[in-house]
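Close look at the chain arrangement
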Amino acid sequence: MTHPSEEQLIAYRYGDVSETQERAAIDRHLASCDACRTSYEALQRVLAAVEAAPVPERDASYGSRVWQRISPQLDQRERLDWRAWLVPRRWVAVGAMAALVFAAFLAGRFWPRPTQQESAGPIPVQVRERILLVAVGDHLDHAQMVLAELVNAGATETLTKGGVDISFEQQRAQDLVEANRLYRQTATRTGDSTLVNVLDELERVLVEIAHSPAQLSSAQLNEIQQRIEARGILFKVRVIGSQVREREKSAGQIAPRGRS
Amino acid sequence: MDGSDAERVAQALAGDRDAFRVLVERHSRSIFRLAYRMTGNEHDAEEVVQETFLKAYRRLSRFESRSNFGTWLYRIGVNCSLDLMRKRRPDSERRDSDAPEGSEAVRELPSPDPAPDRLLLSAELGRQVAKALGALSPTERAAFLLRHFEGQSIEEIGQALGLRASATKNSVFRAVQKLRLALEPFVQVKPNVAASRAPSPNQ
């Protein structure tokens, strides 16, 4: 046989080679081809190193300790459960809305406007700014993660045959759209036009992802990937994300620590 | 001795909390290992373990008795880990990428009294493994861990992560490919060569 691809070798390692014949052919090839055998042995060593990375041990009574910690919470959850069964996603939605309301409160109330003097509030302006910068930074990181996964999806031949399921990324994009809108509105109010532009563009991409079919053919996936890449949105999000992190750091240095 | 998982689930559903306690005691350690490998630190792993069992308890009626309870629990554990990682990603990224001497992976390195050069190499390798795992996307990491450590099939992993078989296979492939690119220089056959190539953690 010709030299197996890296993908075939990995599938072979995990016993995912479908045909017995194909497996036997790889067996024979590895026995006769030094280069492929060396490559396969290197793969084995890498996986062995990952396997050898230590995991902290938990003793035999660990399970009892976990039980002691969670059992009081089971009682609380049991009391709530009859409602949860009626509206299974309600608590998630309530949690998300609470976070949004809190963020909106912070955003509307606390984002420092360029021309505004610091008001005598209970939280210093720099601390307030930092709280929001942390939130925006986190949001941009999450968006970056979704975009990167979509751009990298289907990088191999496997996907060009069968298409791809983006429901996971789609759900995450959906979750990010509302928060993105809020941060964009806040940035608009404060006149941060660079951030507004990137968030505006990001929002369109996120909405597009959220509204795409969950199952994409390779062609559809390529189309989305090309649109993301043509806009350079991933790069822009990375740049603005690191700028926000820088501002966050500066705000952290200026902001007084603790209660003082 | 303590009955099968499926029997315990049935008893727990009938209101026997003690039956659920047995399941928690039976599976906590393996969920911890999974969660530690997913999140990369003990504190988060502990949180994931608790959340996993709380969610499992709440969803117990959705468990199908023909399925494997451990596999079902792993699925919940992976998704709890992913949720936590999304929440904490900036911190974990900093931990992974800043080559921290005090990170869990380095602190937890074992081997009592190894030769100094071996210690240096294993510490460096442990750090590089943690870094390489941290550089995988959450989906890739989850797919790889379930395939490699838990031996779950592509179909089972796909169900756990909400992915089609092709996407799951691709996630495992991408994960291994990235790990290989990152770690191959550190696992050369000749230890002396690897040791001399590996930068000192103190540099």
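Counting from 1, residues in each chain are numbered in the order their sequence is written. Lettering for chains starts from A, numbering for ligands starts from 1, and both go in the order in which the items are written. Local features in a predicted model are, by the rule used here, given only for residues with pLDDT of at least 70; side-chain atom pairs are given and counted only at 80 or more, and totals for whole chains, interfaces and linings are based on all residues. With hydrogens and water set aside, each side-chain value is computed from the structure's full complement of heavy atoms.

Quick word on the overall build of chain A
When you go through chain A residue by residue, the secondary structure sums to 11 helices and 2 strands. N-terminal to C-terminal, the α/β element order of chain A is α-α-α-α-α-α-α-β-α-α-β-α-α. Only protein chains enter the accessibility calculation, which uses a 1.4 Å probe; a residue whose area is less than 20% of its type maximum is buried, one above 50% is exposed, and one in between is partly exposed. Scored against the burial criterion, the 260 residues of chain A give a buried share of 43%. Should any heavy atoms of two residues lie within 4.5 Å, those residues are considered in contact. In chain A, once contacts between residues fewer than 6 apart in sequence are set aside, the share between residues at least 24 apart is 74%. In this description, accessible areas are obtained by the Shrake-Rupley approach with a 1.4 Å probe, and a residue is regarded as covered only by the protein chains that are shown. Of the roughly 14,200 Å² of accessible surface on chain A, a fraction of 54% belongs to carbon and sulfur atoms. Secondary structure elements are defined from DSSP: runs of H or I of at least 4 residues count as helices, runs of E of at least 2 residues count as strands, and each element is numbered from the N terminus.

Brief notes about the overall build of chain B
Across its full length, chain B holds 10 helices and 0 strands. Helices (α) and strands (β) of chain B occur, in sequence order from the N terminus, as α-α-α-α-α-α-α-α-α-α. Sorting the 203 residues of chain B into buried and exposed places 52% on the buried side. If you take every contact in chain B between residues at least 6 apart in sequence, the share linking residues at least 24 apart comes to 65%. Just so you have it, chain B exposes about 9,200 Å², and 49% of that area is on carbon and sulfur atoms.

What about the interface of chain A and chain B?
Tallying the contact residues gives 59 residues for chain A and 65 residues for chain B. Once two parts are put together, the accessible area they lose, assessed with a 1.4 Å probe and summed over both, is termed the buried area. Here chain A packs against chain B, burying approximately 5,800 Å² in sum over the two surfaces, 61% of which is carbon and sulfur. What counts as a salt bridge is simple: a side-chain nitrogen of Lys or Arg found within 4 Å of a carboxyl oxygen of Asp or Glu. Our count for the contact surface shared by chain A and chain B stands at 5 salt bridges. With a closest N to O distance of 3.0 Å, Glu46(B) and Arg58(A) form a salt bridge. A 3.5 Å cut-off defines polar contacts: any pair of N or O atoms within that distance qualifies, except that in protein one atom must be a possible hydrogen donor and the other a possible acceptor, and neighbouring residues in sequence count only when both atoms are side-chain atoms. Counting across the chain A and chain B interface gives 12 residue pairs in polar contact (both at pLDDT 80 or more). For the side of chain A that touches chain B, the elements supplying multiple residues, two or more each, are helix H1 (6-13), helix H3 (34-52), helix H4 (62-86), helix H6 (125-152), helix H7 (157-162), strand E1 (164-165) and helix H8 (167-190) of chain A. Tallying contributions element by element places H4(A) first for the side of chain A that touches chain B, with 15 residues.

What to know about the nonpolar core
Membership of the largest hydrophobic core comes to 113 residues, with the highest contact counts inside it found for Leu147(A), Leu202(A), Phe20(B), Phe53(B), Phe144(B) and Leu179(B). Excluding residues that lie within four positions of it along the chain, Phe144(B) makes contacts with Tyr14(A), Leu47(A), Val50(A), Leu133(B), Phe149(B), Val172(B), Ala175(B), Val176(B) and Leu179(B). Put simply, buried Ala, Val, Leu, Ile, Met, Phe, Trp, Tyr and Cys residues joined by side-chain atoms within 4.5 Å make one nonpolar core.

Some remarks on the pattern of salt bridges
All told, the structure shown has 22 salt bridges over all chains when counted by the stated rule. Across the pair Glu203(A) and Arg184(A) runs a salt bridge, and its minimum N-O distance is 2.9 Å. In this pair, Glu203(A) sits in helix H9 (residues 193-211) while Arg184(A) sits in helix H8, placing the two residues 19 residues apart along the sequence. Arg184(A) carries the same exposure label as Glu203(A), and that label is buried. The network of salt bridges with shared partners includes Arg58(A), Arg69(A), Glu42(B) and Glu46(B).

As for helix H10 (residues 218-231) of chain A
Residue and element names in this part refer to chain A. An ideal rise of 1.5 Å per residue puts 20 Å on 14 residues; H10 measures up with 20 Å between its terminal C-alpha atoms. Residues of H10 that are buried: Ser-218, Leu-221, Ile-224, Gln-225 and Ile-228. Around the axis of H10, the buried residues are gathered within 130° of arc, so they sit on the same side. Exposed residues lying more than 90 degrees from the buried face of H10 are Ala-219, Gln-226 and Ala-230. For a helix, the expected span equals 1.5 Å multiplied by the number of residues minus one. Here the arc refers to the directions that run from the helix axis out to each C-beta atom.

Focus on the packing of helix H7 (residues 138-148) of chain B against helix H8 (residues 154-161) of chain B
Residue and element names in this part refer to chain B. Axis definition: a line fitted to C-alpha atoms, over the contacting stretch in the case of helices. Angles run 0 to 180 degrees between N-to-C directions. Viewed as axis vectors pointing N to C, H7 and H8 meet at an angle of 145°, and their least axial separation amounts to 10 Å. Relative to H8, the crossing made by H7 is right-handed. Where H7 abuts H8, its residues Thr-139, Ala-142, Ala-143, Leu-146 and Arg-147 lie against Ile-154, Ile-157, Ala-160 and Leu-161. Of the residues belonging to the contact of H7 with H8, the class tally is 7 nonpolar, 1 polar and 1 charged. Take the far helix as your reference; a near helix turned counterclockwise from it by less than a right angle gives a left-handed crossing, and one turned clockwise gives a right-handed crossing. Polar here means any residue outside two lists: the nonpolar Ala, Val, Leu, Ile, Met, Phe, Trp, Tyr, Cys and Pro, and the charged Asp, Glu, Lys and Arg; Gly therefore counts as polar.

A few points about the confidence of the model for chain B
Residue and element names in this part refer to chain B. A residue's pLDDT is simply how confident the predictor is in it, with values from 0 to 100. Averaged over every residue, the pLDDT of chain B is 77; residues scoring 70 or more account for 74%. With pLDDT under 50 throughout, residues 91-120 is counted as low confidence; its partners more than four residues away or in other chains account for 37 contacts. Counting interchain partners and residues more than four positions distant, the pLDDT-below-50 stretch residues 191-203 has 15 contacts.

Here's the deal with the environment of Phe53(B)
Tracing the backbone shows Phe53(B) in helix H3 (residues 42-58). Along the backbone, Phe53(B) and Phe20(B) are 33 residues apart, and their C-alpha atoms lie at a distance of 9.3 Å.

Here we look at the side chain of His142(A)
Among the structural elements, His142(A) can be located in helix H6. Under the relative-accessibility criterion, His142(A) is labelled buried at 17%. If we skip the residues at most four places from it in the chain, His142(A) touches Leu176(A), Arg86(B) and Lys87(B).

Some details on the environment of Asp34(A)
Tracing the sequence through the fold places Asp34(A) in helix H3. Side-chain polar atoms of Asp34(A) contact the side chain of Arg37(A), separated by 2.5 Å.

Remarks on the state of the cysteines
In protein chemistry, a disulfide is the covalent bond that joins the sulfur atoms of two cysteines. Count a disulfide wherever a pair of cysteine sulfur atoms falls within 2.5 Å. Enumeration over the complete set of coordinates arrives at 0 disulfides over all chains. Looking at Cys36(A), it has no disulfide partner, and the nearest cysteine sulfur is the one in Cys33(A), 3.7 Å off.

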